[in-house]
Amino acid sequence: MIKAILIFNNHGKPRLIRFYQYFSEDMQQQIIRETFHLVSKRDDNVCNFLEGSDYKLIYRHYATLYFVFCVDSSESELGILDLIQVFVETLDKCFENVCELDLIFHMDKVHYILQEVVMGGMVLETNMNEIVAQVEVQNRMEKSEGGLSAAPARAVSAVKNMNLPEIPRNINIGDINIKVPSLSPF
Amino acid sequence: MSDVVEKTLTALPSLLSLDSQPGSAKLSSNSKLGNLIRGITELTSKHEEEKLIQRELLLIKEQVSSPNTTMRQMKELMVRAIYCEMLGYGVSFSYIHAIKLAQQGNVLEKRVGYLAVSLFLNESHELLLLLVNTVLKDLQSTNLIEVCMALTVVSQMFPKDMIPAILPLVEEKLNHPKEIIRRKAVLALYKFYLIAPNQVQHIHNKFRKALCDKDPGVMSASLHIYLQLIQENPEGYKDLAPSFVTILKQVVGGKLPMDFNYHSVPAPWLQIHLLRILSFLGKNDQSTSEIMYEILDESLRRAEMNHNITYAILYECVKCIYTIHPKSDLLEKAAKCIGNFVLSPKINLKYLGLKALTYVVQQDPKLALQHQMTIIECLDHPDLIIKRETLELLFRITNDQNVTVIVEKMLDFLRISEDDHTTIDLVGKVAELAEKYAPDNEWFIDTMNTVFSLGGDLLQPDIPNSFLKLLSEGFDSVEEDKKLRLFAVNSYISLLQRDASKLPQRFLQVICWVLGEYSHLREDLEPDVIVRLLAKLLDMKSSSSETKCWVLMAMTKLCPGGAALALVHNVSETYSSSLDTMLRQRAQELEILSQDSELQAKVLPRSASMEPVEVDSSLSFLDGFVSEALAAGAAPYKPPHQRQEELSRSKALNLEPYGLSLPISMSSCSITDRQSPTLLSISSGLSGDSTDFSHKGSSTVLKLDGVKRLWGRDGYLAQKEPTEEAPRIEAASPVRSADQLGNNNSQTPTPTPTPECDQEKQQLASSLFVGLASQSSICLMGKSDQPSQRFRRKTKASGSSEQITNPLVFPSDGSDNLLYKNLLDSPDLDGSPPEQTPGLDAPNGACDAEEESTDADMKEIKTPPIRDEHVTAEASPHHDPDRSKDPSLTSHLPAELSALPHSKTTTLFSKQNLDVSACHVQKEDSVVLVVFISNCSDSFLQQIRLQVDSEELEVSCVSDSPSEELKSHSVAVCQYFLTVKRPSVHFDLSATVSWQPPAGSPLTTQFSYRLPLTAFIRALRLSTEEYGAKWLAFSHDTKQNLTLIQGGRDPLAATLDVLKRKLQLHVVEVIGVEAIVACCLQQDQPCLMHCRMHAGMLAVWLRSPVPDLPDCLLYCCQRALQEL
């Protein structure tokens, strides 16, 4: 399970903090400080893993930002390392050349994107196109909401009840062929 | 009017910011959040930032609580609040508004509301209850986005008690037509499982359905659940193994749609998950492992080394291969794979390679040999993490030959390490290695000194404790003990003579204790000198009051005459007015005992530190006091669980589910409760000897969770992994010497820098890896325990003393063993191997003579010649091979046991032509476990070794070991005396049997055997008067209502009859509706029972001097009555 996701810049300023396990406010800040302290003094040519007593820190450093995932022993180190890459690439797609400023000014949007990748500490989706599709659906909703603020109630409710479009990959379900053989009867 | 204008103006920026396009950060910078952020970035000091944010927070607070704020503004305010929160400023005032926003806003506002709630609150926050209704509503919404949001927030946090309220709705979502909803629902249910497993018990079937979902996304989400479930209980999901294998096969085979590919690897995360699940399922299970060999092979093959993520899959594959039941060609491939990792120039892969090596090196030490040069290079790696991992690896391969080099490397690392966790961990490891492999006293004490000074006060308390315990208990030779202690004393005196102010407190305490206890060994030294040295510690500013206590205790033990008496007097005077009560007490003790040397000698006898102090944990010395108090009208003591029970009974509604009323945990709770007063009394008593330490050790909580304990007091703690028992891939290799190792180096393809440097490294390599190869060959000989351990503890349990004597019986050296084996093979000695006892052979003979009476068996024991006849008869051709599987194994029971009642013989395992069965025989005063090892193959089995252990039972071997070898179709019988250490409802015995088939490598299997408490219960014949006297004297009691056996005329008599028959209780007397019953556990541990019929129930009251016994016996009674 992923216990926490921390993004901070080269100076240790937090840019996005998401804990999946409860820590008190002070503890959270302390964790951020200590993590920054640990990670920032490491060169770029050393390994991306740090180990604690019952958790692992897996991090990547991009230009001005550190992306740190704190996970327990049930996660694969290299798997998480690539998940960070997927997350960052997704951010890049959503923000068109993402930079630190995007993360600062659209903290809420970054959170929404993250929610589509990791849910409650579990990896939900690793397919970038899928994540982008989900986020776009929500963005479309946002735009129409914003423009419709003055529209008649009927129109608003029509938008509200708009369903998510069919996700394209569902179409080829017939070919997927994941046959789970004779499980015991339900 | 102006009001309206103002509102419009404040709303304006937020309106503008709404239109912000993705990627247009600059555009929204004129929003309020933008202003705030810009404000913060312009600041230079933390203090200014704080001021600015406090101002901002005030503003937000004002606005959120204003009734005129619209939801839209609220949304903007929330984002600002989230930002402030992230920076570490409390925004608790906005929590309720976040909930309101989630409740009342439109979809977009709701989204911000939910986000804020999930960032601000936690599972146990009381405000979260207000969200339940909103979640409930949104789960039923027709808008999918709302449903998604609700599921997301639920999986982030949800009040445990409220799960039943939304569970049906979430469950329903598993059938939702949209896959994203199904997927999120699965994860939400997983979260429920994590926080309240019993609440989702009924939907396990639905998890299965999710696993077979037509959408692979849902299936992969359900793997989260299965990974957890299978980790907790692999046995329950064995039936799914073929399904997981098939799924993996399809994934690896590219049957998934292209968009599951990541860098052209099909669904790598899914593969990782599946491999983990498979390794849990295949662990210790040959048949399940066999299903997966093919797909593991394929995975290894398909994962071409081209991208990071394929390495992730490979790593999981390798781990899986080494975890499941071994298969040699897979192991070979995996080993090659590990080699690729270790040799990789990519640092992450090197790290994982080292980790993998560490994982497998126990089973395959040769793998470490192959990569020794890489390991040496990693030791000097600039990255501390790599270095640390290398040390971990070295720790696993330490033996008595390379211990000094490895410990030196570890201590070097400790000197530069700044990380507390690493320090604690490594210090513990060094201490373990030192204790286990120390080549001599000097080195041991020096190393421990370094450990204490480097570990400082971070040190886990068990390290000094076990060190002192080792010193005080000593080991086998008195002379050695004395030398070690003397060396310690000398080393500490010289340490104290230098500057002691830098030494950590823990170390000082150790020094104090050792000097107090053993400085008398230095006959040339006056105690005065020591006392002066100790007094110096008292004056040091850095000394904690705990250390001072230790100093005073040491002084008390030294009890000097002459010059230092004045000093002692001075000290005790100073501290007898101390504010610290402990210190004051020690000072008083010192004062009194230093004046009365006779009393001192009595209280602190010098030689007594060797003997453990007997502790009466039942507090029987208080019985008089208790009965007096009872007579004076005090209420009888009730154990906590009973009190709780009565409390819950008095409550109107019992919300707990009904179960068997006495889970074992309850009784253990009462035991600790009862022991605690004794613990207190010990530590406050004036004794600084070993028991004091051991109790202190047990009372302070050792934080060992998470730290994997691999080495115990008696050596490597065998992990329960199949790989342990793995047949070695290669046949016995000749013992390689250190020089040959050097030659081996040339095979490693590591780039060699310069010749001199290389030579140095080679030297290091040979000193580090010395003994590894020979160690492996020892393993091959089926010799699992290390031959020699310097500081082997004296063990009190006779069960483990058998282990120690083993090396005496069997030559400890591998090569000797070979010789020995050959000797045994020679036909002359066949009939009577030296260590075989008649008791063992007789049943062997009886194998063919089942119809013979026990008398005949008796004769066999007395007359060896007859036995020989039987041995030859055994080899006769018309022996039926199936015979040995005959249920009448009991005919092999030794004669003296065959007349006694015994349990049914159960087959414990049967594999590789070896069957092991066991039964227990109830003797008058004890229980004997009889294990039958039968060889049903046509060949010899050699080096059969059986070891039985139990936590609750003391196991002592009757016949000291089973025969070393077993002829075809014969049965060896081993007997073990069992005595109860502490009562329990069931006693689990774990046993390990190892043997060597004629062709092939040694095998080891573990199995367990369970005995009920009733096997140890005997009737206790008492008169009513005796019963009455005992009843008052016993302190542990328990009360409970049992169901009566209805139907007969006299339910009481019928019930008692059942108890008498099933539990061998003795009915002392029956008076009307009351009865008194007695029994005992192994003769000397009585338990009395008082029964009374009351309102259609049988109210029983059990008493015993033994803690836990009443509880356990009550449970047995309950079972006995239920099973009717």
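If you're wondering where the values come from, they're calculated on a predicted model, not measured in any experiment. (Residues numbered from 1 in each chain as written. Chains lettered and ligands numbered in written order. Predicted model: local features only at pLDDT ≥ 70, side-chain atom pairs only at ≥ 80, totals over all residues. Heavy atoms only, no water.)

## Overview of the overall build of chain B
The number of helices and strands found in chain B is 49 helices and 18 strands. Expressed as a percentage of its 1124 residues, the buried residues of chain B come to 54%. The long-range fraction of contacts in chain B, counting pairs at least 24 apart against all pairs at least 6 apart in sequence, stands at 69%. Here chain B has roughly 49100 Å² of accessible surface; of this, 54% comes from carbon and sulfur atoms. (Helix = DSSP H or I, 4+ residues; strand = E, 2+ residues; numbered from the N terminus. Buried < 20%, exposed > 50% of the residue type's maximum accessible area, 1.4 Å probe, protein only. Contact = heavy atoms within 4.5 Å. Areas by Shrake-Rupley, 256 points an atom, 1.4 Å probe, with all protein chains shown as cover.)

## Describing the environment of V451(B)
Residues and elements named next belong to chain B. Tracing the backbone shows V451 in helix α24 (residues 441-455). Look at V451 and you get buried, because its relative accessible area is 0%. Excluding residues that lie within four positions of it along the chain, V451 makes contacts with V427, V430, A431, G456, L459 and I463.

## A closer look at the pairing of strand β1 (residues 2-9) of chain A
Residue and element names in this part refer to chain A. Here β1 lies mainly inside the structure; eight of its eight residues are buried. As paired elements, β1 and strand β5 (residues 65-71) share seven bridges and run antiparallel to each other. The residue bridging F8 from the neighbouring strand is Y66, located in β5. Sheet topology places β1 next to strand β2 (residues 14-19); five bridges connect them, and they run antiparallel. Considered in β2, the bridge of I7 is made with L16. The turn joining β1 and β2, which pair antiparallel and follow one another in sequence, is formed by four residues; a positive phi near 85° is taken by G12. (Pairing = 2+ DSSP bridges.)

## Here's the deal with the packing of aromatic side chains
Applying the stated criterion across every chain, the model contains 22 aromatic pairs over all chains. Seen in terms of ring centroids, Y226(B) and F244(B) are 5.9 Å apart; in terms of plane orientation they differ by 70°. Their pairing is edge-to-face. Separated by 18 residues along the polypeptide, Y226(B) in helix α12 (residues 216-232) and F244(B) in helix α13 (residues 241-252) bring together distant segments of the chain. A relative accessible area of 0% places F244(B) in the buried class. The ring of Y112(A) carries the charged tip of R111(B) above its face, separated from the ring centre by 3.7 Å. We note K319(B) situated over the ring of Y359(B); from NZ or CZ to the ring centre the distance is 5.4 Å. (Phe/Tyr/Trp six-rings, centres within 6.5 Å; stacked < 30°, edge-to-face > 60°. Lys NZ or Arg CZ within 6 Å of the ring centre and 35° of its normal.)

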